[in-house]
Amino acid sequence: EYEDNLSIKDLNRFVKEAGFKSLGEKKEEKKSNELTKLIIFSILGIILMYISMGQMINLQTPKILNMMESPRVYAITLMILSLLFIFYGFDIIKNGIKNIIHKMPNMDSLVGVGVIVNFVYSLWNTIQVFMGNTSLVHHLYFESSAIIILFVKIGRYIDKKNKDKAVDTIKNLVTITPKNGTILKGGKELQVTINEIQKGDTIISKPGEKIAVDGTIINGKTHTDESFITGESKPVSKKVGDTVIAGSINYEGTIQYRAEKIGKESTVSEIVKLVAQATSTKAPIAKIADKISGYFVPT
């Protein structure tokens, strides 16, 4: 009933009153926009590489983009295309510079420094080309800055997609346990919410119902579906003394079981906790990369 009385507007107000900013509901549109941007910049990256590297491997390019015949147009084209990538990856560069200022350089710092130095060096050579020193057209490396950002963005997108899948898994696991259960008290069957069940309570599960909490069977026998945990589609035989897992489906028998693990101690809660930890912490290899960057960047 309490949940039904709450609206998104109320939740946003509570967050604001607590001194934070609400980002609203997670929308699929944002994911779609990220993918669209990635596709667009991947195409731009291919075009940029074609213009800058194509002539080295004898690919046909328009005369106006030929580094020898039109060095100024060639240089300015690469610069404009690369600037688009700089804006696209500005969040990476900004974060990297911020970490350097706080004397905690990481991978973003390495990427940021590499991109900026590359771009500034190429920009200086572009100015020299416009001043008549056209031989420096061979020393433009705008595409390197652009491709570095593109690769990092692709990596971030894949990482975020995997984390989103993990979040969806958590949501599914959270909703897998039933909201209510039937306990046996004083010889009577009482319908209660999951929060009302205490350790040691005797719970009744009838055919077709979900197991309310983790426990041990004390009366009856049945088969349960534990595929959401084990991946095994075959029903598992359960008898007196066997454990049952919250969220699993009771197939054909009426059983009584003693509640043992409830709330945060349940199997489902432990899995949710592990998945949450895995998505909120960096992989060991990423931590090593950040540590190396701490020494590599200033060097």
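Our subject is the structure listed above.
As the structure is a prediction and not an experimental result, all values here were calculated from the model. (Residues numbered from 1 in each chain as written. Predicted model: local features only at pLDDT ≥ 70, side-chain atom pairs only at ≥ 80, totals over all residues. Heavy atoms only, no water.)

**A few points about the pairing of strand E3 (residues 202–205)**
A regular strand places its side chains so that they alternate between the two faces of the sheet. Here E3 shows a buried face lined by Thr202 and Ile204 and a second buried face lined by Ile203 and Ser205. Note that strand E1 (residues 180–185) and E3 share three bridges and pair antiparallel. In the sheet register, Thr182 faces E3, and the bridge partner there is Ile204. Note: E3 against strand E9 (residues 255–261), four bridges, orientation antiparallel. For Ile204, the partnering residue across the bridge sits in E9 and is Gln256. (Buried < 20%, exposed > 50% of the residue type's maximum accessible area, 1.4 Å probe, protein only. Helix = DSSP H or I, 4+ residues; strand = E, 2+ residues; numbered from the N terminus. Pairing = 2+ DSSP bridges.)

**A look at the sheet that holds strand E6 (residues 236–238)**
Pairing is antiparallel across the open sheet formed by three strands, whose spatial order is E6-E5-E8. Looking at the sheet topology across the chains shown, the edges are occupied by E6 and strand E8 (249–250). The sheet contact formed by strand E5 (residues 222–225) and E8 spans two bridges and is antiparallel. The residue bridging Thr224 from the neighbouring strand is Asn250, located in E8.

**Focus: the sheet that holds E1**
As summarised here, the arrangement of the six strands in space is E2-E1-E3-E9-E4-E7, forming an open sheet in which the pairing is antiparallel. Each edge of the sheet is formed by a strand with only one pairing partner; in this case those strands are strand E2 (188–193) and strand E7 (243–244).

**Some details on the layout of surface pockets**
Using a probe with the size of a water molecule, rolled over the atoms, empty space left in the structure can be pinpointed. Considering only enclosed or pocket space, the second largest pocket measures out at about 600 Å³ in volume. Lining the second largest pocket are 18 residues; nearest its centre among them are Met107, Arg156, Asp159, Lys282 and Ala286. Those elements giving two or more residues to the lining of the second largest pocket turn out to be helix H6 (107–130), helix H7 (142–174) and helix H10 (284–296). Here the lining of the second largest pocket takes five residues from H7, the largest share from any one element. (1 Å grid on protein atoms, 1.4 Å probe; cavity = no way out; pocket = protein on both sides within 12 Å on 5 of 7 lines; lining within 4 Å. Points joined across faces, edges and corners; volume = space filled by probe spheres on them.)

**A few points about the nonpolar core**
Within the largest apolar cluster, 31 residues are counted, with the highest numbers of intra-cluster contacts made by Tyr74 and Phe85. Secondary structure elements with two or more residues in this core: helix H3 (28–53), helix H4 (71–88), helix H5 (90–101), H6 and H7. With eight residues, H4 is the largest single contributor of residues to this core. Setting aside its immediate chain neighbours within four residues, Tyr74 contacts Ile51, Ser52, Gln55, Ile64, Leu65, Asn66, Met67, Val137 and Leu140. Within the second largest apolar cluster, twelve residues are counted, among which are Ile183, Ile217, Val244 and Ala259. (Core = buried A, V, L, I, M, F, W, Y, C linked by side-chain atoms within 4.5 Å. Contact = heavy atoms within 4.5 Å.)

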